[in-house]
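Residue strings, one per chain:
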Amino acid sequence: MAKAGGLGGWRGGLLLALVVVVALAATGVWNPFPGMWDWVNRSQPISEPDVVWQQRVGGTPRSVTIAGETVVVEQRTRVEARSLATGAQLWERKADWAAVAGGDRDSVVVVGKLLVKGYEVLDPTTGATRRRNGDAVAVWTYRNMLLDARCVEATDCTVSAWDARGTAPLWTAFVPGVRSGLLGDNPGLLDTRRLDAVRIDDGVAGPEPVPPLLGFPLDGRVHVLDTATGRVLQDVEPGRDERLSVVGGRLLRITARSQDGTCYFAISGRDAATGQETWQRAGINLRTADNAGCVQRRDPHGARNVLIGVAPDAREAVLDGYDGRLLLVTSAGEKLLAVDDRYALVRPADKRAVVGRELGAGRVRWTRPTGPKAGAALTPYAAVIADEKPSRLVALDPRTGRELVSLRTSANALAVGPRGMIIGEGREIGYVRFGGVPGAPVPPRDGGVPGPGGTAGVPGPEDSCGPKRELCPG
């Protein structure tokens, strides 16, 4: 009986203590529950060494972009911005889609709703509306320009160009229609598609500079638009065996012809203003065709001004879209992992490393030992490598291979900026700062559109300036 009474006394004391705590919390004197919940809900660090900051966002990110001193996180039904320095949330609002335009000093966030015309341009730091449009059906965001399309009728549309923070259009061009697929943010145009990399987001590099020419697929035809003037230079209908693409300031006619049980490929680069052929190559497979019947349903692989293809001997090749020059041909067994118009990342035949190669010159810039399944991507600020066993994310200077950061983590690389990168796993995101930031690689200047190397008075690859002179002042 004494034992039972002792137990009852213990329970009574616990109940009394709980009543006291609840009373104190209700009166605001002392509330331990938020702290207890924070302790229970505390996230484990997503990398080793630890990130500068780590935050849990409202939903699984669809995209993450570094916009100046903020981090813009697009989710399924909302968008939020956080401080790049601390990770603290700056603002949040409902939106079905969001995209970032502009460079490091003039970035904006463009938001809209699905199946609803119009968009808003927001300040990335405050979330305040800088400009509102109620008519546009599609928006394209670039590092130095924003384009929108609006239609009075299905066959009466205009495309307008804006500075990221501009209040009046730079130019407006008439186009005869916008097909149903060109809706929302950054609908597909006829250009190139990036090589995929496991654990590296497709948009890790942020917005790209606007190309000199854009190809709009409209009602079975391709309208080639000059982004400097807004002139529509060509209105072309592809042939039965053709796919059209606009790369490096040229209109490319890619032909895939079925014969003798195989596909025969040919590429013709055309001057968009005159339609005159400027270069041609045969036998390079740009991976635009399905196996059955050589029907071309995909854009070629590439980035900016360059294309990736496969030669008849199964070696991969990088071509300059402007003049058709072979900028790089891999050796037997090598595999291209990433390209831009300056460098290529290549996996050797033994699969024990990732090699940085300079386009045009062809020489090896650096070699980084990796596992056989490592993925890689190139951004203006860093070459990113995602490795396995152990899981790592590594950022390197794309020119020298100097290590900027190395993380033991299973997280994904979501966004890369001039001083660091955002990584994430599920709803957790974190910011890691590059080591030796003062010596970090210098990206192309905001608004600069690199021209094709070795053409139109622009010199080819050069140690001090890069193949497009994008590293040179003035």
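Up top is the structure.
So, here is what we can say about the structure in this document. Treat the numbers as computed from the prediction; the structure is a model and nothing was measured.

Within the protein, the secondary structure is distributed over two helices and 36 strands. The burial tally for the protein puts 49% of its 474 residues in the buried class. In the protein, the share of contacts with a sequence separation of at least 24, taken over all contacts with a separation of at least 6, comes to 46%. Counting every atom, the protein has about 22,000 Å² of accessible surface; 53% of that belongs to carbon and sulfur.

Here we come to the pattern of salt bridges. Applying the stated criterion across every chain yields a total of 28 salt bridges. In this structure, D271 and R250 form a salt bridge, with 3.6 Å as the shortest nitrogen-oxygen distance. Pair noted here: D271 is in the loop between β20 (262-270) and β21 (277-282) and R250 is in strand β19 (residues 250-259), with a separation of 21 residues, a long-range link. One salt bridge connects R368 with E403, and the closest N-O pair in it is separated by 2.9 Å. Here the residue R368 occupies a position in strand β29 (residues 364-369), and E403 occupies one in strand β33 (residues 403-408), the gap between them amounting to 35 residues. Overall, the relative accessible area of 40% leaves E403 in the partly exposed class.

Let us look at the packing of aromatic side chains. Overall, the coordinates contain two aromatic pairs when judged by the stated rule. A cation over an aromatic ring shows up here: R131 above the ring of W162, its NZ or CZ 3.7 Å from the ring centre. A cation over a ring is seen here: R250 above Y322, with NZ or CZ 4.0 Å from the ring centre.

Read across the sheet, four strands follow the order β6-β7-β8-β9 without closing on themselves; strand pairing throughout is antiparallel. At either margin of the open sheet sits one strand with a lone partner, and together these are β6 (97-101) and β9 (129-133). With strand direction ignored, the average angle separating the axes of adjacent strands in the sheet is 20 degrees. Here strand β8 (residues 119-122) runs beside β9; their pairing, made up of four bridges, is antiparallel. Looking at β9, one finds that E120 is bridged to R132.

Overall, antiparallel pairing links the four strands, which are arranged β30-β31-β32-β33 in an open sheet. A single partner strand is all that each edge strand has here, and the edge strands are β30 (375-378) and β33. Between one strand and the next, the sheet's axes are offset by a mean angle of 10 degrees, whatever the strand orientation.

Joining two cysteines, a disulfide is a covalent bond between their sulfur atoms. Under the definition given, this model contains two disulfides. Residue C151 pairs covalently with C157 via a disulfide, S to S 2.1 Å. Of note, the bridge from C151 to C157 carries an S-S torsion of about 105 degrees and is right-handed in sense. Among the residues examined, C157 registers a relative accessible area of 0% and is labelled buried. Note on cysteine connectivity: C263 is disulfide-linked to C294, with sulfurs 1.8 Å apart.

Next up on the list: the side chain of D226. The residue D226 is located in strand β16 (residues 221-226) in this model. For the buried residue D226, which engages in no salt bridge, the nearest side chain bearing the opposite charge is R231, 5.0 Å off.

This paragraph deals with the side chain of H223. Along the chain, H223 falls in strand β16. With relative accessibility at 5%, the residue H223 sits in the buried group. Discounting residues that sit within four places of it in the chain, H223 has contacts with P176, L214, G215, F216, L218, V232, Q234 and D235.

All right, on to the nonpolar core then. Ranked by size, the top nonpolar core spans 22 residues in total, and within it I200, A395, V405, V416, M421, I423 and F434 carry the most contacts. Secondary structure elements with two or more residues in this core: β31 (383-387), β32 (392-396), β33, β34 (412-416) and β35 (420-425). For this core, the element with the most residues is β33, which contributes three residues. Excluding its chain neighbours within four sequence positions, the residues that come into contact with V416 are I66, V204, T379, Y381, A382, V384, M421 and F434. Membership of the second largest hydrophobic core comes to 20 residues, among which are A138, W140, C151 and A161.

Attention now goes to unusual backbone geometry. Look at the link from E48 to P49: it is a cis peptide, with omega at 0 degrees. With respect to the element layout, P49 can be found in the loop between α2 (33-41) and β1 (53-56). Between K389 and the following residue, P390, the backbone shows a cis peptide bond with an omega angle of 0 degrees. With respect to the helices and strands, the residue P390 is situated in the loop between β31 and β32. The backbone phi angle of R287 is positive, close to 60 degrees, even though this residue is not glycine.

On to the environment of V159, then. By secondary structure assignment, the location of V159 is in strand β12 (residues 156-162). Remark: the alpha-carbon pair of V159 and W171, spanning 12 residues in sequence, is separated by 8.4 Å. Not counting chain neighbours up to four residues away, the residues in contact with V159 comprise D148, A149, W171, T172, A173, V175, F216 and L225.

Definitions and cut-offs
Residues numbered from 1 in each chain as written. Predicted model: local features only at pLDDT ≥ 70, side-chain atom pairs only at ≥ 80, totals over all residues. Heavy atoms only, no water. Helix = DSSP H or I, 4+ residues; strand = E, 2+ residues; numbered from the N terminus. Buried < 20%, exposed > 50% of the residue type's maximum accessible area, 1.4 Å probe, protein only. Contact = heavy atoms within 4.5 Å. Areas by Shrake-Rupley, 256 points an atom, 1.4 Å probe, with all protein chains shown as cover. Salt bridge = Lys/Arg side-chain N within 4 Å of Asp/Glu carboxyl O. Phe/Tyr/Trp six-rings, centres within 6.5 Å; stacked < 30°, edge-to-face > 60°. Lys NZ or Arg CZ within 6 Å of the ring centre and 35° of its normal. Pairing = 2+ DSSP bridges. Axes fitted to C-alpha atoms, helices over the stretch in contact; angles between N-to-C directions. Disulfide = S-S within 2.5 Å. Lys, Arg positive; Asp, Glu negative; His and termini not counted. Core = buried A, V, L, I, M, F, W, Y, C linked by side-chain atoms within 4.5 Å.

Everything listed is a geometric property; what it means functionally is a separate question.
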